[in-house]
Amino acid sequence: MGLTKQYLRYAASAVFGVIGSQKANITYVTLRGGEKGRYVAVAACEQVFIWDVRKGEKVLILQGQKHEVTFLCPSPDGIHIAVGYEDGAVRIFSLMNGETNVSFNGHKSAVTVIQYDGLGARLVTGSRDTDVIVWDIINECGLYRLRGHKDVITQALFLRDKNLLVTSSKDSFVKWWDLDTQHCFKTMVGHRSEVWSMALLNQEKRLLTGSADSELRAWDISYLQEEKAEGEPKVKKGKTLLGDDDDEDNEEGGDENLEERILSCKKAGSILREARDRVVSLTTDRKARVIACHGNDSVLELFTVLSEEEVQKKMTKKLKKAKKKAAAEEAAEPVVERMLKDEIIRLTNIKASAKIRSAWNCLSCAGGELKVALLLQNNTVETYSLKTSGKTPTANKTSRLTIGGHRTDVRTLAFSSDNLAILSASGDTVKVWNRSTLQVIRTMSCDYALCSLFVPGDRQIILGTKSGKLQIFELASGSLLETVDAHNGALWSLCLAPDQRGIVTGSADKTVKFWEFELIKDQGTGQKRLTVKHTRTLQLEEDVLCVKFSPDHRLLAVSLLDCTVKIFYTDTLKFFLSLYGHKLPVLCLDISHDNTLIATGSADRNVKIWGLDFGDCHRSMFAHDDSVMFLQFVPKTHLFFTAGKDRKIKQWDADKFEHIQTLEGHHREVWCLAISPNGDHIVSSSHDKSLRLWERTREPIILEEEREMEREAEFEESMAKGDVPVVPGETQGEAAPAGKKTVETVKAAERIMEALELYKEENRKMEEHKYACEHAGKELPPPKPNPILVAFGNVSVSRAASVLEISLLVLPFPYVPELLRLFNSYIQQGLEVELVCRCLFFLLKIHFGQISSNQMLLSVIDELRMNTLSKVHEIRDVMGFNSAALQFLQREIQSKEDVMFFADATGRLEEKKKKRRKRERAILTIA
C-alpha cells in the first residue's frame, strides 16, 4: 500500500467576542461566599460565562458540548447552577470548580424553563415539546413527566409549603398540578392569548401573570384546607377597575371535587404596564417584594409589593381623607375599598441603552438596595442599583460589559502578518485582538465595515465600508487617519497587491479601482502618515462582489453579479477568461499560491475548481446546504476552507476534490473566516455574535475513518430517535416516565448485557474448576480471570441513575432472569441494597406478565421477597437508630450551650445584631 496524502486535523481552540447569547436568560450567582449582586451568569453559545461585573472580567467558564444553552437557574444554596440546552438536556454545574455533577435527559427539544424547589432537592423543567418534568437531584433521576399543555412551556413554579406545581404555556392556560398524585386539578382559562411569564407573591397567596397585552393579571389564591383548619371565613377582596373584564374570571377544573379540596383562584384585578407589547420576562427578587417586567423594548418597569402593615397604613390614610371629604360635603359615612393598586405600586422605570433580552433582580439586605442585571439584544450586559426605601428612587448604572464583543455581527476578519493579531470589524466598531490571550488591544469606531486588511508592517489597517468609503486607522494611537470616498456603492471586496505597494477595491458601483500606498505630510502634526492614491479604474457591466490578485501579480479575478467570474491581465486590464457555470452569484473566490487553480464559492451552494491556464472547470462540488459565504486557500497548499450559511466550516482538497473535515460549532450563519499566514490558525465569525478560533493539531486525518465516524454518528442519532418501548398496562395519561431513549441509554443497556455475559462465563469457569478439583482430589491453581476484569480492577456499581430506568427498559427480556438471580445474591450480601431494590421493582413493573407466568422464576422471586424485606428492615432500623441518636445529641448540646443549630442559627444571629444596632442608635439619639 502506497503512502497517502496526510492531512492534519483542525480543532476548536476558543470562543470569544460574545458577552451574552440571546437564546438564554441572565442570572445573578454567588461565588465562594462572595457578595450578592457582583457575579452574573450568561449563556455564550454552548458555554456559560460567569462575569465579575465590578471588574468587567470573565472569572469562570462552564464548558458545554455542542448544543446551545437556552436557560439558566441558580440553586437556592448558590453553590450550583442548572443549565438547559437546545437538545433538551439539563446539566447541573458546581460553581466551586466549574464541573458538571448531574445531567438529565428527558426532553425532545429545547429547555425553556428551569426552577428549583425551596430546598434545592427537586428540579422542574419545561420545554418546547410541551412536557413538564420533575427531577430528583439527590437520587439523580426523573420522578415523572407531566403532560397536558399544548404549546411551549413558559414558566413553572413550585409552591414552598405544599406539594403543588403551577405551570404556564403559550397555549394561554395556567395549570395547577398535585405532585402527590401527578394530576392536573385546575386549569385557569382567564387569558385571551399566550401566558409568557408569571410570579408568586404575598407568601404564595397571589399569582401574577404576564400575557401578550399590556396588563399584568393578578389572581388571589385561597388554600381551602388551611381555611377549614383555621375556621376562618372567606374574605373576598375588592377588584380594581384597571382593564378588568368580567368574562376573564372563567376557570375550569380538571376534577371539581379535588379542586374544591385544595385551592381556588379568583381574579383580583390587573396592573397596567406602560409598554403595549407582550411581556418578555417577569421576575421577582427572592422575597417577592420587587417585581421587574419588560417587553421587546428598552424599558424595564419595576413595581413594589407592599407588606400588610404598609397597606394598612395606606388604607388608614385613605379612610381619613375620605372622612374629611365626607364631613365637608355632609355626606354619609364613606366606605374605602381595598384595590390591587393599593398593594402593588409602581417603583420606577429603568431605560437601558438597547432592547432588553432578559432581566434578573436581587434585593440586597444592606439598606434595601436593589440590584438589577440586564442582558441586552446587542451583546451587552448592564447592571443598575437603586434604593427602594427612597421616596423617589432612581436607578444608577453601576457597570456595563461591552469591550469583550461587538454590538452587531462581525462581517470581516483579518490576520496580521506575524499571526499574533486578529482584526474584526462590525457595523459600528473595529477591534484588534491578541490571538494568544484573546484580549482586546484596540477598539475604534467605524462605519459599517464589509472588508478589511492589515497594511504591510501591521501598523495601520484599512476598512472598506457599506457606504463606499475606505477608512485608514493607525493602531498605535487607535485613531482614524483618513476617510477616502472611494466608490459610490457598497465596497464589497478589498485585496492587497502581491508587491505590497497598493490595493484593489471592488464595489457595487460596477467599478474596480487600483490604489497605491503613499506617505504624505500631515498638516496638523507635520509628521508623515499613510494614505492611498487612486491610479486606475476598471469599468464593468455588473456589480462587483469579489476581487483577487493572483500571487504572481499577473492576473486579476473579478466576481460579478451576473454569476460569472471575469479574469483580466493586471498590467493592461485586457480581458483574459470568463468562468461561467454557477447558477447564482459568486460570493467568494481565491487563487492558489502557485497560480494554477482558482476556487469559487457561490450562493447556489456549490464550489467550483477551475484551471487558470485555460479556464476549464476541473470539478464542481456540492459544498454546503446554504450559500457559500467565504472561501480561502491555506497558504502554500492546495487545501482550502469554505464557510456557509448552514453554520459549518469545511476543508477541501483541490487536487483530489475530496472533503477532508467539517468544523462544527457555530449556531448561526457563518459570515466570514480568516486563515493565519502560517496556516496554523483559523478565526471565524457568525450571526450568533461569537468569534471562534481553530488550531491546527499534529493529529493526522484518515479520510476513511472520518467518513466511518460520520456514518456512526448518523446511525447513533437515528437509533436514539426511536421510540421507547411501551410498558404493558400503562396508559398515556397526564403522568409518564421522565426519561428518554438516548445513545447513552442504549450503550448502557449494551454494557449491562456484556456484564451479564461476563458473569455467566466467570461462573462457568469457577464450576469447571471446582469439578476439576474434586475429580483430581487436590486443589488446582485457579483459572485466569477475564482480562476485562483485570483491566477494570475493582469494578464499582454504576451510578448513572438518570439513565438507569430507560437502560433497563430497552434491555431484552432473556437477560432479565439472570439479572434477577444476580440481584438476589447482591441483596444477601448487603451490597447496594437501595439501588438493587430500585432496579428490581422497575423490572418487576415492566415485565410483570412474563415473570409471573415463568415457573422457573417463582422460587427466585420468593427468595427475593424474603431477602429484600429483611434487608430493607435492617437498613431502616439502622437509619432510625442513627437518626434518634443524632436528635438526642442535638438536644444535649442545645441544653448545654443554649444555641440553635443549622439554618435558624444564622437567621437569629442576624436578627439579634439588627436589634442591637437599633438599640445603640436609639441610645445615641437620646444622648
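None of these values were measured; they are calculated from a predicted model. (Residues numbered from 1 in each chain as written. Predicted model: local features only at pLDDT ≥ 70, side-chain atom pairs only at ≥ 80, totals over all residues. Heavy atoms only, no water.)

Novice: What's the story with the side chain of Lys566 in this structure? I'm lost.
Specialist: Along the polypeptide, Lys566 turns up in strand E45 (residues 565-569). By relative accessible area, which is 19% here, Lys566 ends up buried. In this structure the side chain of Lys566 is engaged in a polar contact, spanning 3.0 Å, whose partner is the side chain of Thr564. Setting aside chain neighbours within four positions, we find Lys566 in contact with Leu556, Ala557, Val558, Leu560, Phe575, Leu577 and Ser578. (Helix = DSSP H or I, 4+ residues; strand = E, 2+ residues; numbered from the N terminus. Buried < 20%, exposed > 50% of the residue type's maximum accessible area, 1.4 Å probe, protein only. Polar contact = N/O pair within 3.5 Å; in protein donor to acceptor, adjacent residues only side chain to side chain. Contact = heavy atoms within 4.5 Å.)

Novice: Would you mind showing me how to read the packing of aromatic side chains here?
Specialist: Geometry of an aromatic ring pair is reported as the spacing of the ring centres plus the angle between the planes. A complete count under the given rule lists 8 aromatic pairs for this structure. Judged by centre distance (5.0 Å) and plane angle (70°), the rings of Phe16 and Trp433 are edge-to-face. With a gap of 417 residues between them, Phe16 in strand E1 (residues 7-16) and Trp433 in strand E33 (residues 429-434) connect regions that are remote in the sequence. For Phe16, a relative accessible area of 3% translates into the label buried. Under the relative-accessibility criterion, Trp433 is labelled buried at 2%. Here the guanidinium or amino end of Lys162 rests over the ring plane of Tyr223, the centre of that ring lying 4.1 Å away. Over the face of the ring belonging to Phe514 we find Arg536, whose NZ or CZ atom lies 4.5 Å from the ring centre. (Phe/Tyr/Trp six-rings, centres within 6.5 Å; stacked < 30°, edge-to-face > 60°. Lys NZ or Arg CZ within 6 Å of the ring centre and 35° of its normal.)

Novice: When you look at unusual backbone geometry in this model, what are you seeing that I'm missing?
Specialist: Most peptide bonds adopt trans geometry, and most residues besides glycine take a negative phi value. The phi torsion at Ser172 lies on the positive side, around 80°, for a residue other than glycine. Looking at the secondary structure, you find Ser172 in the loop between strand E15 (164-169) and strand E16 (174-178). A positive phi is found at Leu573, a non-glycine position, where the angle reads about 60°. Structurally, Leu573 is set in the loop between E45 and strand E46 (575-579). Residue class for Leu573 comes out buried when judged on its relative accessible area of 18%.

Novice: Looking at this structure, how should I read the packing of helix H9 (residues 816-829) against helix H12 (residues 858-897)?
Specialist: When two helices pack together, their arrangement is captured by the angle between the axes and the distance separating the axes. Contact geometry of H9 with H12 gives a least axis separation of 9 Å together with a crossing angle of 30°. As summarised for this structure, H9 and H12 are arranged roughly parallel, according to the angle between their axes. H12 is crossed by H9, and the crossing has left-handed handedness. Along its contact with H9, which presents Leu820, Arg821, Phe823, Asn824, Ile827 and Gln828, the element H12 presents Val860, Ile861, Glu863, Leu864, Asn867, Thr868 and Lys871. Broken down by class, the residue content of the contact of H9 with H12 amounts to 6 nonpolar, 4 polar and 3 charged. (Axes fitted to C-alpha atoms, helices over the stretch in contact; angles between N-to-C directions. Parallel < 35°, antiparallel > 145°, perpendicular 65-115°, else oblique. Left-handed = near helix turned anticlockwise from the far one by under 90°. Nonpolar A, V, L, I, M, F, W, Y, C, P; charged D, E, K, R; others polar.)

Novice: Can you help me understand the sheet that holds strand E42 (residues 528-539) in this one?
Specialist: Remark on secondary structure: sheet strands pair via backbone hydrogen bonds, oriented parallel or antiparallel. Pairing within the open sheet is antiparallel, and its 4 strands lie in the order E39-E40-E41-E42. Unpaired on one side and paired on the other, strand E39 (491-496) and E42 mark the two borders of the sheet. Between one strand axis and the next, the sheet turns through 25° on average, direction left out of account. Note that E39 and strand E40 (residues 502-507) share 5 bridges and pair antiparallel. Counted as the bridge partner of Leu494 is Thr505 from E40. (Pairing = 2+ DSSP bridges.)

Novice: So what exactly am I meant to see when it comes to the sheet that holds strand E44 (residues 555-560) here?
Specialist: The strand order E43-E44-E45-E46 describes an open sheet built from 4 strands, whose pairing is antiparallel. The open sheet has two edge strands with one neighbour each: strand E43 (544-549) and E46. Sheet twist, expressed as the average angle between the axes of neighbouring strands with direction ignored, equals 20°. Across 5 bridges, E44 lies against E45 in antiparallel orientation. Looking at E45, one finds that Ala557 is bridged to Ile567.

Novice: Please clarify how the confidence of the model for the chain should be interpreted in this entry.
Specialist: In low-pLDDT regions, the fine details of the predicted coordinates are not to be read closely. With 87% of its residues at a pLDDT of 70 or more, the chain has an overall mean of 83. Mean pLDDT across the elements of the chain bottoms out in strand E21 (residues 251-252) (42) and peaks in strand E56 (residues 681-686) (95). The low-confidence segment residues 231-256 (pLDDT under 50) makes 59 contacts with residues lying over four places distant or belonging to another chain. (pLDDT = per-residue confidence, 0-100.)

Novice: Explain the environment of Thr304 here, please?
Specialist: Within the secondary structure layout, Thr304 lies in strand E25 (residues 299-305). We classify Thr304 as buried; its relative accessible area is 12%. Between the C-alpha atoms of Thr304 and Val290, which are 14 residues apart in sequence, the distance is 4.5 Å. From its side chain, Thr304 meets the backbone oxygen of Arg289 in a polar contact 3.4 Å long.

Novice: Honestly, the nonpolar core in this entry has me stumped. Any pointers?
Specialist: The tendency in soluble globular proteins is for nonpolar side chains to be buried side by side. Of all hydrophobic cores here, the largest spans 27 residues; its most connected members are Ile92, Ile114, Leu123, Val134, Leu146, Leu165 and Leu179. Looking at this core, the elements with two or more residues in it are strand E6 (69-74), strand E8 (89-94), strand E9 (100-105), strand E10 (111-116), strand E11 (122-127), strand E12 (132-136), strand E13 (141-146) and strand E14 (153-158). One finds Phe813, Phe823, Leu840 and Leu857 within the second-largest nonpolar core, a separate group that totals 22 residues. (Core = buried A, V, L, I, M, F, W, Y, C linked by side-chain atoms within 4.5 Å.)

Novice: Any chance you could explain helix H10 (residues 833-846) here in plain terms?
Specialist: Side chains three or four residues apart in an α-helix point the same way, a direct result of the helix having 3.6 residues per turn. Its 14 residues give H10 an end-to-end C-alpha distance of 20 Å, which sits within 8% of 20 Å, the value for a rise of 1.5 Å per residue. Listed as buried for H10 are Val833, Leu835, Val836, Cys837, Cys839, Leu840, Phe842, Leu843 and Ile846. (Expected span 1.5 Å × (residues − 1).)

Novice: I would appreciate a short explanation of a nonpolar patch on the surface in the present structure.
Specialist: On the surface, Leu886, Phe888, Leu889 and Ile893 cluster together into a nonpolar patch covering about 380 Å² of accessible area. Looking at where Phe888 falls in the secondary structure, it is placed in helix H12. (Patch = residues over 30% accessible without salt bridge, like charges linked within 9 Å, V, L, I, M, F, W, Y side chains within 5 Å. Areas by Shrake-Rupley, 256 points an atom, 1.4 Å probe, with all protein chains shown as cover. Salt bridge = Lys/Arg side-chain N within 4 Å of Asp/Glu carboxyl O.)

Novice: What's the story with the environment of Arg407 in this structure? I'm lost.
Specialist: Within the secondary structure layout, Arg407 lies in the loop between strand E30 (396-401) and strand E31 (412-415). The class for Arg407 is buried, based on a relative accessible area of 15%. Along the backbone, Arg407 and Thr380 are 27 residues apart, and their C-alpha atoms lie at a distance of 7.3 Å. Looking at Arg407, its side chain comes within polar contact range of the side chain of Thr380, at 3.0 Å. Of note is the side chain of Arg407, whose polar atom sits 3.0 Å from the backbone oxygen of Gly405.

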